[in-house]
Amino acid sequence: QSLIGFFIRFKSKKGIFVYIDQYQIEANELSIDSVYKNLSNKNNIKKALYYKPQVIRISLFNSPTLKIIVRKISKGSNLSDALKLKNISNFEANALISSLKPYFDFNKMKSGQKIKLIFNDSSLYGLAIAIDKISTLELIKEGVNFKPYIFKKAFKKKLTFSKIVIKKNLYLDSKAVNLPSNTFSDLVKLLSYSIDFQRDIRKGTTFEVLYESLFSYKGEFITNGSIIYSLASFKNKTDIKMFRFNTKSNEFDYFNEKGESIRKSLMRTPIDGARLSSGFGNRVHPILGYTKLHKGLDFAAKKGTPIYAAGNGRIERANTYGGYGRYIRIKHNSEYKTAYAHLYKFAKGIKEGKYVNQGDIIGYVGSSGRSTGPHLHYEVIYLNRQIDPYSMKLPDGKKLDKEQLKSFKNIKKKILEDLEKTKITKKF
């Protein structure tokens, strides 16, 4: 019954999270989603910081008596502009925006996004806005406020199998077998914990991916779902297998054959689909012209490609730093730091002192500082000295407990059976 933490919200989705862990007290500026993640990682605590919308399978706005007006967000406009209709008062518009804020990121609203305004006769009844291809946030008027619901379309899953044999590179060869771009990005992100993209991937290296495709009950394709299984088969090292496993009712992660999490304390490659253009070690500097120790890895990528935090930690520096250009350095613990250089720009809210979680977007690829073209320069710093990210030995992932491991073995067996069935189906 003792207090272990509290959260004070001062923005729509952000606030100060104070967590008490035995004799240590931490205070971090975090998003509500990050707070949930911290709580679920440390304790199995009911998520009750704010009202979580009820998930519904039938839309609240199906009645033929309701009138629906579709508004599009035009370039340079915002939600307030879309709500400027003669039968919506300023009070209702403000209440609607306030009710929407905790559940929808206004920064992600793009030009062309559709919003449905629902009326009962001439009175405002609610609003609907798509979150993704499956889910729609529906707000329905209750008194002077609006209550949120998540409407999820009914869908059925079909397993799809792809095999990639490296002839040129992982990106081009995955496109040749029509692996969806979002599935490719997920695969690269998962592999980045275990694979040296420069040394491990050679001509003939093979990848197998089993992933979900979601369809309506009319047979119409909706979107691609999660990766269920993947295999990376090499000539010079042990194969890497990954299995998806639900650790809780609606949370999943990826584990190897032994039931160990594939996630490490640091990602070796904190960027999706990039080409390693320069490794760690001595090289002729492309601008200075003389041989110099290259203290990190360079990943060539398009300007604006997202860069991820390689691990949990606090940002030590986020500014312009000499030849590094726009530069971010994260302190992960008393031994490890990571650094990211030549950025085009920082992600929103990234500044010195901010706490970030592994996989959070912290910036975007650019060519600032002493650079010949768009790329990410990535460093791992151990005891204040740069080391080769691909040579460091990271601790193994967490293991499942006895009960979970038993369940995992059953799921793994089922996945391998489904894999063989899908392979046979694909042949015909």
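Residues numbered from 1 in each chain as written. Predicted model: local features only at pLDDT ≥ 70, side-chain atom pairs only at ≥ 80, totals over all residues. Heavy atoms only, no water.

### Points about the sheet that holds strand E6 (residues 114–120)
Then, in step 1: Taken in spatial order, the six strands of this open sheet run E4-E9-E8-E7-E6-E5, and their pairing is mixed. Unpaired on one side and paired on the other, strand E4 (54–56) and strand E5 (66–72) mark the two borders of the sheet. The mean inter-strand angle of the sheet, taken between neighbouring strand axes irrespective of direction, is 30°.
Then, in step 2: In this sheet, strand E8 (residues 135–142) lies alongside strand E7 (residues 123–130) in antiparallel orientation, the contact comprising five bridges. Bridged to Gly126 within E8 is Ile140. (Pairing = 2+ DSSP bridges. Helix = DSSP H or I, 4+ residues; strand = E, 2+ residues; numbered from the N terminus. Axes fitted to C-alpha atoms, helices over the stretch in contact; angles between N-to-C directions.)

### Re helix H3 (residues 90–100)
Then, in step 1: Within H3, burial applies to Glu92, Ala93, Ala95, Leu96, Ile97, Ser99 and Leu100.
Then, in step 2: Contacts from the buried residues of H3 go to helix H2 (79–82), E7, E8 and strand E9 (145–152). (Buried < 20%, exposed > 50% of the residue type's maximum accessible area, 1.4 Å probe, protein only. Contact = heavy atoms within 4.5 Å.)

### Observations concerning the sheet that holds strand E14 (residues 251–255)
Sheets are built from strands that pair by backbone hydrogen bonding, the pairs being arranged parallel or antiparallel.
Then, in step 1: Taken in spatial order, the five strands make up an open sheet running E10-E11-E12-E13-E14, and their pairing is antiparallel. Only two strands of the sheet have a single neighbouring strand rather than two, namely strand E10 (156–165) and E14. The mean inter-strand angle of the sheet, taken between neighbouring strand axes irrespective of direction, is 30°.
Then, in step 2: Docked against the sheet, helix H5 (residues 181–191) engages strand E11 (206–215), strand E12 (221–233), strand E13 (240–248) and E14, running at close to 35° with respect to E12.

### Section: the pattern of salt bridges
Then, in step 1: Summed over the entire model, instances satisfying the criterion amount to ten salt bridges.
Then, in step 2: Across the salt bridge formed by Asp81 and Lys84, the nearest N and O atoms sit 3.4 Å from each other.
Then, in step 3: Taking the relative accessible area as the measure of exposure, Asp81 reaches 29% and is therefore partly exposed.
Then, in step 4: Relative accessible area serves as the criterion here: at 59%, Lys84 is assigned to the exposed category.
Then, in step 5: Between Arg244 and Glu212 there is a salt bridge whose closest N-O contact spans 3.6 Å. One end of the pair, Arg244, is in strand E13; the other, Glu212, is in strand E11, with 32 residues separating them in the sequence. (Salt bridge = Lys/Arg side-chain N within 4 Å of Asp/Glu carboxyl O.)

### Let's talk about the side chain of Ser230
Then, in step 1: For Ser230, the position within the fold is in strand E12.
Then, in step 2: Assessed through its relative accessible area of 2%, Ser230 is described here as buried.
Then, in step 3: Beyond its immediate chain neighbours, meaning those up to four positions away, Ser230 contacts Leu187, Glu208, Val209, Ile240, Lys241 and Met242.

### Points about the pairing of E9
Then, in step 1: Pairing of E4 with E9 involves three bridges; the strand directions are parallel. Across the sheet, Gln54 pairs through a bridge with Tyr149, a residue of E9.
Then, in step 2: Summarising the sheet, E8 and E9 pair through eight bridges and their orientation is antiparallel. Across the sheet, residue Glu142 finds its bridge partner in E9, namely Asn145.
Then, in step 3: Taking the residues between adjacent antiparallel strands as the criterion, E8 and E9 are bridged by two residues, where Gly143 takes a positive phi near 70°.

### Quick notes on the environment of Ser123
Then, in step 1: Relative to the elements of secondary structure, Ser123 occurs in strand E7.
Then, in step 2: Along the backbone, Ser123 and Lys67 are 56 residues apart, and their C-alpha atoms lie at a distance of 9.8 Å.

### Examining the packing of aromatic side chains
Remark: the centre distance and the inter-plane angle together describe each pair of aromatic rings, the angle taken between the planes.
Then, in step 1: Inspection of the entire model under this criterion finds 15 aromatic pairs.
Then, in step 2: On the numbers, 6.1 Å between centres and 80° between planes, the contact of Phe245 with Phe255 is edge-to-face. Within this pair, whereas Phe245 is found in strand E13, its partner Phe255 is found in strand E14, the two being separated by ten residues in sequence.
Then, in step 3: What makes Phe255 buried here is its relative accessible area of 1%.
Then, in step 4: Clustering of aromatic rings is evident, with ring pairs tying together Tyr229, Phe243, Phe245, Phe255 and Phe408.
Then, in step 5: A cation sits over an aromatic face here: Arg244 above Phe252, 4.6 Å from the ring centre.
Then, in step 6: Stacked on the ring of Tyr364, the Lys or Arg Lys345 has its end atom at 5.6 Å from the ring centre. (Phe/Tyr/Trp six-rings, centres within 6.5 Å; stacked < 30°, edge-to-face > 60°. Lys NZ or Arg CZ within 6 Å of the ring centre and 35° of its normal.)

### Quick word on H5
Because an α-helix packs 3.6 residues into every turn, residues spaced three or four apart end up facing the same way.
Then, in step 1: For H5, the complete set of buried residues consists of Thr183, Phe184, Leu187, Val188, Leu190 and Leu191. Along the axis of H5, the buried residues cluster in a sector spanning 165°; they form a single face.
Then, in step 2: Along its buried surface, H5 packs onto helix H4 (170–176), E11, E12, E13 and E14. (Arc of directions from axis to C-beta.)

### Here we look at unusual backbone geometry
Then, in step 1: Here the phi dihedral of Asp121 falls at roughly 60°; this positive angle occurs in a residue that is not glycine.
Then, in step 2: Given a relative accessible area of 67%, Asp121 falls into the exposed group.
Then, in step 3: Positive phi outside glycine occurs at Asn384, with the angle close to 65°.
Then, in step 4: By the element assignment, Asn384 lies in the loop between strand E25 (375–382) and strand E26 (385–387).

### Regarding a nonpolar patch on the surface
Then, in step 1: Together, Leu3, Phe6, Ile8, Phe10 and Ile16 make up an exposed nonpolar region whose accessible area comes to about 480 Å².
Then, in step 2: Within the secondary structure, Phe10 sits in the loop between strand E1 (5–9) and strand E2 (14–21).
Then, in step 3: The class of Phe10 is partly exposed, set by a relative accessible area of 46%. (Patch = residues over 30% accessible without salt bridge, like charges linked within 9 Å, V, L, I, M, F, W, Y side chains within 5 Å. Areas by Shrake-Rupley, 256 points an atom, 1.4 Å probe, with all protein chains shown as cover.)

### Concerning the pairing of strand E20 (residues 313–320)
Two faces belong to every sheet, and in a regular strand the side chains alternate between them.
Then, in step 1: Alignment of E20 against strand E23 (residues 355–356), held across two bridges, turns out to be antiparallel. Looking at the pairing, Arg314 lines up with Tyr355 of E23.
Then, in step 2: Across six bridges, E20 lies against strand E21 (residues 326–331) in antiparallel orientation. Bridge pairing in E21 links Ile315 to Ile330.
Then, in step 3: In sequence, E20 turns back onto E21 through a hairpin of five residues, with Gly322 there showing a positive phi of about 55°.

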